[in-house]
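# Close look at the chain arrangement
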Amino acid sequence: MRKEDKKVVPGQRVAAQGSVPGRTEDTPAGTDGPPYRNRPADRTRSSDPTWPSVRTRSSGTDPSARRTHSAEDRFRYWFDTTLTRGIAALCGWLALACLALVVPVSTVLAWTDQRTPASLGARIAAVWRNTGQTMRLGGEVGPPLRVALSVLLALIALFYVSTLVSLITTGLTDRIIALNRGHARILESGHTVVLGWSEQLPTVVSELVAARTDRSRRVIAVLADRDKPAMEEDLRATAGATGRTRIVCRTGRPTEPAALARVSPATADSVLVLPGDDPRDDTEVVKSLLSLSAAVGEANPVRVVAAVRDDRFLHAARLAGGPRATVLDMDDIAARLLVDCARQPGLSLVHQELLDFAGHEFHTLRDPGLPGRTFDEAARACPVSTAVGIVHGDGTVALNPPRSTPLLDDDTLLVIAENERSTRLSAAPAPYDPTALTQARPAPPARPERILLLGWNRRAPRIAAQLARRTPPGSVLDVVAEPRTATLTGIRSVTATVGGRLSVLHRSGDPTLRETTDALDLARYDTVLVLGPDHRPGGTDPDDRTLVTLLHLRAGQEASGLRVPVVTEFTDDRNRLLAPPAPGSDFVVSGRLIGLLMTQISQNPHLTAVFEELLAPDGNTLRLRPAAHYVTTGRTTSFATVAESAARQGAVAIGYRATVSDGDGLCVNPPKAHVRHWHPEDQVVVIVRAMPPTP
């Protein structure tokens, strides 16, 4: 072969070496591929330094072409390869590993045992016996057939025992896996069932745990379409310690009666149906109520509390729930709370205290000494609780009734107390100081108000409607929001509905931008309301924009020196702690308050009528009144004096808010004998019949 035949064209070297497996360097190029182009005789490797060198078999192997592996790498590769050959290989390796440990130790024992004969055969037999007994292979000595049969029997016994252990282990594992799926049925009675998973669940569970009842052991069963371990982990992180209360989670859709049976709703004390985080999930609430009716039946009625976000599904939900179901309209309640707080900043703290089981809340008292007394006499006989109404035998509630109303045999007293066992009747009423009593002056004619609303969401039209019912004629609502289609449509609808009682004006702008808030003349407004956008699945937290708006408002107030009450709606209670503090500010976490209200009603169904009246624009409502309306300020007197003065003016004093105090200064249901110094800036919390706004 001529030397020119070994030449390789540079552009074809890769094809000659990489595209044809197994091809050697001394193979002529024209054998497996297209013939090379003829080149001049003087263009050889020796004459052209740019011509690539070609390695031939005679020139040796390139060290970089072969990768050397260490002995440890080769052994690991071989060992891993044997492990992939199945159970037989695994058993073989296990046997070899055991023999590698047992045989040497047995040999040492046999050679050091003084009782073992000195002959080699006897010592080998001793080694076998020790090895066989250790590995449960019989250890018999004698003829080979006897030894083989003993080993066979030992292997059969070993196979039986190992199979039995594996079956038991598999059965236990399958059972544990089945329990973790959350499909087992609970066998409880008198427990509380919570259906669904939403932002209200941690609040509901923690409040049910905190509720003080006569039960020494409480069970809460949660059914949601989530994994059971994930639910338990989330509840441990959000609800905290549960004490003697046991929380049981089950997986399943509450809309399916078969899944609903896993939490035994027919034997439950109450059932709470939580709304979804999106208004479009209200159909699931209606279906869950229908499923609950099918699972419980007419023979076993159970107390049900549910909530919907969209009022279009309110009537359907009440029909599906039946006569014993209480269905709350979340957006309507949230709008009422916001308007109440906008009219009286600080009122959200009172609502929180009355709805929170950790403080003082509503209870009903049945005492043999009540029938025949008037409401005034019963109220005076409560030294550590506050009587606020009467629950009649037919279930109706009279809040703040006339003082001369008698209590009948089937009536119970509605009180605010620390728990249902703390209320007791005293033989003599608490004394009061008649010299400290004052009379509130007639209120001057109400002037029109101007309210600023920053932001827009689906509750904004309800807020405007509530403001129109509670503010004096001629009031104005200025709305600053981005000119989105839904916003403009809502403003036009509100203007057409309440335009005769409240003027609604829209100003385009983004409340999260500083130039928008700086352009506002805050001195013109009596109150500022801040709303976040509606929550959208997969979107940002609505509270993020709310916090940014609050920062701009606070900066503007500090720059101008103005102090305008600001009421803010939050969706997450954790964000309330991040809000910049400001004098006169108030925060309403609507989702948490709805969860608290649902829990209270589940424990006491009479509270539905109580809170319905307290949140209504007419009837008896909560008010923060100056302390000077009831007692002489600048002096020390007991709370019994305040309660007596409020009763004479047709109100029920349930607490006070001190302005000179650490924290919020709110005290609900103080003992009648509680004595303090009353400052002119102090306020008294009362339940009083609201008067319609007059021009």
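Keep in mind that this is a model prediction, so the values were computed, not measured.

### What about the overall build of the protein?
A count of helices and strands for the protein gives 22 helices and 22 strands. The burial tally for the protein puts 43% of its 695 residues in the buried class. Long-range pairs, those at least 24 residues apart, make up 73% of the contacts in the protein between residues at least 6 apart in sequence. Of the accessible surface of the protein, which amounts to about 35900 Å², a share of 56% is contributed by carbon and sulfur atoms.

### Re the packing of helix α12 (residues 330–343) against helix α15 (residues 460–470)
Relative placement of two packed helices is described by the angle separating their axes and the distance separating the axes. Their axes nearest at 9 Å, the elements α12 and α15 cross at an angle of 50°. Compared by their axis directions, α12 and α15 come out oblique. Judged by the twist between their axes, the crossing of α12 over α15 is right-handed. Contacts from D331, D332, A335, R336, L338, V339, D340 and R343 of α12 reach α15 at R462, I463, Q466, L467 and R470. Here the residues of the contact of α12 with α15 sort into 5 nonpolar, 1 polar and 7 charged.

### Considering the packing of α12 against helix α20 (residues 590–603)
At a minimum axis separation of 10 Å, α12 and α20 run at an interaxial angle of 110°. When the interaxial angle is binned, α12 and α20 end up roughly perpendicular. Once α12 is placed against α20, the crossing between them reads as right-handed. Contacts between α12 and α20 pair M330, I333, A334 and L337 from the former with S590, L593, I594 and L597 from the latter. In terms of residue class, the contact of α12 with α20 is made up of 7 nonpolar, 1 polar and no charged.

### Remarks on the pattern of salt bridges
Any two side chains of opposite charge can pair if their charged atoms end up close together. All chains considered together, the criterion is met by 35 salt bridges. With a closest N to O distance of 3.7 Å, R462 and D332 form a salt bridge. Within this pair, whereas R462 is found in helix α15, its partner D332 is found in helix α12, the two being separated by 130 residues in sequence. On the basis of relative accessibility, which here comes to 17%, the residue D332 falls in the buried class. Of the charged contacts in the structure, one is a salt bridge between D526 and R447, with a shortest N-O distance of 2.5 Å.

### Observations concerning the confidence of the model for the protein
Scored by pLDDT, the protein comes out at a mean of 81, with 84% of its residues at no less than 70. Predicted confidence is poor over residues 1–65, with pLDDT under 50, and the contacts of this stretch with residues over four places away or in other chains come to 50 contacts.

### Looking at the packing of aromatic side chains
For the structure on display, the rule yields 5 aromatic pairs. Between F639 and Y656, the aromatic rings sit 6.4 Å apart at their centres with planes inclined by 45°, giving tilted as the arrangement. Residue F639 is located in helix α22 (residues 639–648), and its partner Y656 is located in strand β19 (residues 651–657); the two are separated by 17 residues in the primary sequence. Across the pair, Y656 and F639 agree in class, each one buried. Ring centres of Y656 and W678 lie 5.3 Å apart, and the angle between their planes is 75°; this geometry places the pair in the edge-to-face category.

### Focus on the side chain of E188
In this structure, E188 sits in the loop between α6 (144–180) and β1 (192–195). A distance of 2.5 Å separates polar atoms of two side chains, one belonging to E188 and the other to R246. Leave out the neighbours within four places in its chain, and E188 touches R217, V219, R246, S264 and T267.

### Some details on helix α8 (residues 228–239)
Note: α-helices contain 3.6 residues per turn, so residues at a spacing of three or four share the same orientation. The end-to-end C-alpha distance of α8, which contains 12 residues, comes to 16 Å, matching closely the 16 Å that a straight helix rising 1.5 Å per residue would cover. Among all positions in α8, only K228, M231, L235 and A239 are buried. Taken around the axis of α8, the buried residues stretch over an arc of 60°, which confines them to a single face. Seen from the buried face of α8, the exposed residues on the opposite side, beyond 90 degrees, are E233, R236 and A237.

### Topic: the environment of A428
Considering the arrangement of structural elements, one finds A428 in the loop between β10 (412–417) and β11 (450–454). When the C-alpha atoms of A428 and C382 are compared, they prove to be 9.4 Å apart, with 46 residues separating the residues in sequence.

### Some details on the sheet that holds β10
The strands making up a sheet associate through backbone hydrogen bonding, with each pair oriented either parallel or antiparallel. Read from one edge to the other, the open sheet built from 4 strands follows the order β7-β10-β8-β9, with strand pairing classed as antiparallel. The open sheet is flanked by β7 (361–365) and β9 (397–399), the only strands paired with a single partner. Strand-to-strand twist across the sheet, computed as the mean angle between neighbouring axes with direction ignored, equals 35°. As defined by bridge partners, strand β8 (residues 386–391) adjoins β9 across 3 bridges and the pair is classed as antiparallel. In the strand pairing of β9, V391 is matched with V397. Lying over the sheet, helix α21 (residues 607–614) contacts β7, β9 and β10, oriented at roughly 35° with respect to β9.

### Quick notes on a nonpolar patch on the surface
Residues W111, L120 and I124 make up a contiguous nonpolar surface patch of roughly 320 Å² in combined accessible area. Tracing the backbone through its elements, the reader meets I124 in helix α5 (residues 120–134).

### Quick word on the sheet that holds strand β15 (residues 566–570)
The strand order β13-β12-β11-β14-β15-β16 describes an open sheet built from 6 strands, whose pairing is parallel. Each of the sheet's edge strands pairs with one partner strand only, and the pair in question is β13 (502–508) and β16 (586–589). For this sheet, the mean inter-axis angle between neighbouring strands, taken without regard to orientation, is 20°. Note: β11 against strand β14 (residues 527–530), 4 bridges, orientation parallel. Residue pairing for β14: L452 is matched across the bridge by V528. This element, α12, spans β14, β15 and β16 of the sheet and lies at about 160° to β15. On the sheet, α15 packs against β11, β12 (475–481), β13 and β14 and is oriented at approximately 145° with respect to β13.

### A look at helix α18 (residues 542–560)
When the terminal C-alpha atoms of α18 are compared, their 28 Å separation across 19 residues agrees well with the 27 Å that a helix rising 1.5 Å per residue should span. Of all the residues in α18, the buried ones are P542, D543, T546, L547, T549, L550, H552, L553 and Q557. Elements that come into contact with the buried residues of α18 comprise β11, α17 (514–518), β14, β15, α19 (573–576) and β16. Among the residues trailing α18, G561 stands out with phi positive, at a value near 80°.

What counts and how
- Residues numbered from 1 in each chain as written.
- Predicted model: local features only at pLDDT ≥ 70, side-chain atom pairs only at ≥ 80, totals over all residues.
- Heavy atoms only, no water.
- Helix = DSSP H or I, 4+ residues; strand = E, 2+ residues; numbered from the N terminus.
- Buried < 20%, exposed > 50% of the residue type's maximum accessible area, 1.4 Å probe, protein only.
- Contact = heavy atoms within 4.5 Å.
- Areas by Shrake-Rupley, 256 points an atom, 1.4 Å probe, with all protein chains shown as cover.
- Axes fitted to C-alpha atoms, helices over the stretch in contact; angles between N-to-C directions.
- Parallel < 35°, antiparallel > 145°, perpendicular 65-115°, else oblique.
- Left-handed = near helix turned anticlockwise from the far one by under 90°.
- Nonpolar A, V, L, I, M, F, W, Y, C, P; charged D, E, K, R; others polar.
- Salt bridge = Lys/Arg side-chain N within 4 Å of Asp/Glu carboxyl O.
- pLDDT = per-residue confidence, 0-100.
- Phe/Tyr/Trp six-rings, centres within 6.5 Å; stacked < 30°, edge-to-face > 60°.
- Polar contact = N/O pair within 3.5 Å; in protein donor to acceptor, adjacent residues only side chain to side chain.
- Expected span 1.5 Å × (residues − 1).
- Arc of directions from axis to C-beta.
- Pairing = 2+ DSSP bridges.
- Patch = residues over 30% accessible without salt bridge, like charges linked within 9 Å, V, L, I, M, F, W, Y side chains within 5 Å.

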